[in-house]
Amino acid sequence: MEPKVNYHEEQNKINILKMREILDTLPHFAKQFFRGVAEQTSSRTRLAYAYDIRVFFEYMQKNNSACKKQEIREYPLEILDKIKREDIEEYLEYIAFYEKEGREITNDERGKSRKLAALRSFYNFFYRNELITTNPASLVPMPKRHEKEIVRLDVDEVAILLDQVEDGTQLTKAQLRYHAKTKIRDIALLTLLLGTGIRVSECVGLNIIDVDFKNNGIKIIRKGGSEAIVYFGDEVYDALFDYLEKRHSIIAESGHEDALFLSLQNRRLTVRAVEKLVKKYSATVTSLKKITPHKLRSTYGTSLYRETGDIYLVADVLGHKDVNTTRKHYAALEDERRRKAASAVKLREK
């Protein structure tokens, strides 16, 4: 009998295996950096760093005179001191658009910022440990980011979406064949996302045992691996209860017996499957904005902030480690509240 699959442990293993593959393409000294940051970062973060640092060295190998002389894996640590601020600035210009293996790749301000942040962490590690004498990455300013308007669903749009999941009137004939089998699951899943604001990775990682109907709570694993209890209301309770009645009668594939949400193949749902599910239902309602699972999370955060006015509560429930992250996302709502304050206090009775 196969061992049961713990979603988060499985993802961690996958990330570690991918990491080993990438490390085999990087300079040997890169391993020192990743060992050094292992205690402060998740495997997912380190994997993202590794991808970004590989892009950097691939660019330098083609465009920097000092780096052209050797294969990337053979670079000595001293190579970092031969890369100048101008090299990094030109690299950031390059990644705005380039081709690799027949694919066109673009990076906007956010993509450039992420890659520069990875490079800064990389350089800072060796510089702080006095293994290199220069730190050109710290001299390059972060690209100016133009904040995108956060797309959220209005109350009536949420109702339209859930109604569509329930009746499926706008689905294609092919989609309707599966709708009868997945309707109760899909209602539970979308109601849970909209009613708690949890991340998709947190949702697909749920096990049956993580649902506590006595206290109306679910136990989730946050980004970084910490556990948290998120509480839900009556609508989520009803949707989950209905789904679990059906779920208990399904025989899951070996290793997936504990998973809360199952695919039609009776395996744990993946993040990609939930993204496709949300896209499918939102596409059937033409009046809706283009939505993703993350926009369902934003919708919940907006509703919670409007109801409570407590930005710290919103940050805590959404699992933001820094309340300033939450403030940035809900700045427009804070401004709306401040405008109300202008007329809230009367100085003299008319």
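Before reading on, note that the structure itself is shown above.
Note that the structure is a prediction, hence the values are computed from the model and not measured.

## Concerning the overall build of the chain
Okay, step 1: Check the secondary structure of the chain and you find 15 helices and 5 strands.
Okay, step 2: Across its three principal directions, the C-alpha atoms of the chain cover 75 × 65 × 40 Å.
Okay, step 3: For the chain, buried positions account for 42% of its 350 residues.
Okay, step 4: A separation threshold of at least 6 residues defines the contact pool for the chain, and within that pool the share at least 24 residues apart is 60%.
Okay, step 5: Total accessible area computed for the chain in this model is approximately 20700 Å², and 49% of it derives from carbon and sulfur atoms.
Okay, step 6: In the chain, 61 positive and 53 negative side-chain charges are present, and the distance between their average locations comes to 2 Å.

## Considerations on a negative patch on the surface
Okay, step 1: A cluster of acidic residues, Asp234, Glu235, Asp238, Asp242 and Glu245, forms a negative patch on the protein surface.
Okay, step 2: Here aspartate 242 shows up in helix H10 (residues 234-247).
Okay, step 3: Given a relative accessible area of 43%, aspartate 242 falls into the partly exposed group.

## Structural notes on unusual backbone geometry
Okay, step 1: Of note, the phi angle at asparagine 216 is positive, near 50°, even though the residue is not glycine.
Okay, step 2: Residue placement: asparagine 216 occurs in the loop between strand E3 (211-212) and strand E4 (217-221).
Okay, step 3: According to the relative accessible area criterion, asparagine 216 is buried, its value standing at 17%.
Okay, step 4: The backbone phi angle of asparagine 266 is positive, close to 60°, even though this residue is not glycine.
Okay, step 5: Here asparagine 266 lies in the loop between H10 and helix H11 (271-283).

## As for the pairing of strand E2 (residues 103-106)
Okay, step 1: Across 4 bridges, strand E1 (residues 97-100) lies against E2 in antiparallel orientation. Across the sheet, residue glutamate 99 finds its bridge partner in E2, namely glutamate 104.
Okay, step 2: Hairpin remark: E1 followed by E2, antiparallel, with 2 residues in the connecting loop; positive phi at glutamate 101, about 50°.

## Looking at the sheet that holds E4
Sheet strands associate in pairs through backbone hydrogen bonding, adopting either a parallel or an antiparallel arrangement.
Okay, step 1: Taken together, 3 strands build an open sheet; the order of strands is E3-E4-E5 and the sheet is antiparallel. With one partner strand each, in any of the chains shown, E3 and strand E5 (227-231) form the two edges of the open sheet.
Okay, step 2: Relative to E4, E3 runs antiparallel, the two sharing 2 bridges. Paired with valine 211 across the two strands is isoleucine 218, which belongs to E4.

Reading the values: the criteria
Residues numbered from 1 in each chain as written. Predicted model: local features only at pLDDT ≥ 70, side-chain atom pairs only at ≥ 80, totals over all residues. Heavy atoms only, no water. Helix = DSSP H or I, 4+ residues; strand = E, 2+ residues; numbered from the N terminus. Buried < 20%, exposed > 50% of the residue type's maximum accessible area, 1.4 Å probe, protein only. Contact = heavy atoms within 4.5 Å. Areas by Shrake-Rupley, 256 points an atom, 1.4 Å probe, with all protein chains shown as cover. Lys, Arg positive; Asp, Glu negative; His and termini not counted. Charge placed at Lys NZ, Arg CZ, Asp CG, Glu CD. Patch = residues over 30% accessible without salt bridge, like charges linked within 9 Å, V, L, I, M, F, W, Y side chains within 5 Å. Salt bridge = Lys/Arg side-chain N within 4 Å of Asp/Glu carboxyl O. Pairing = 2+ DSSP bridges.

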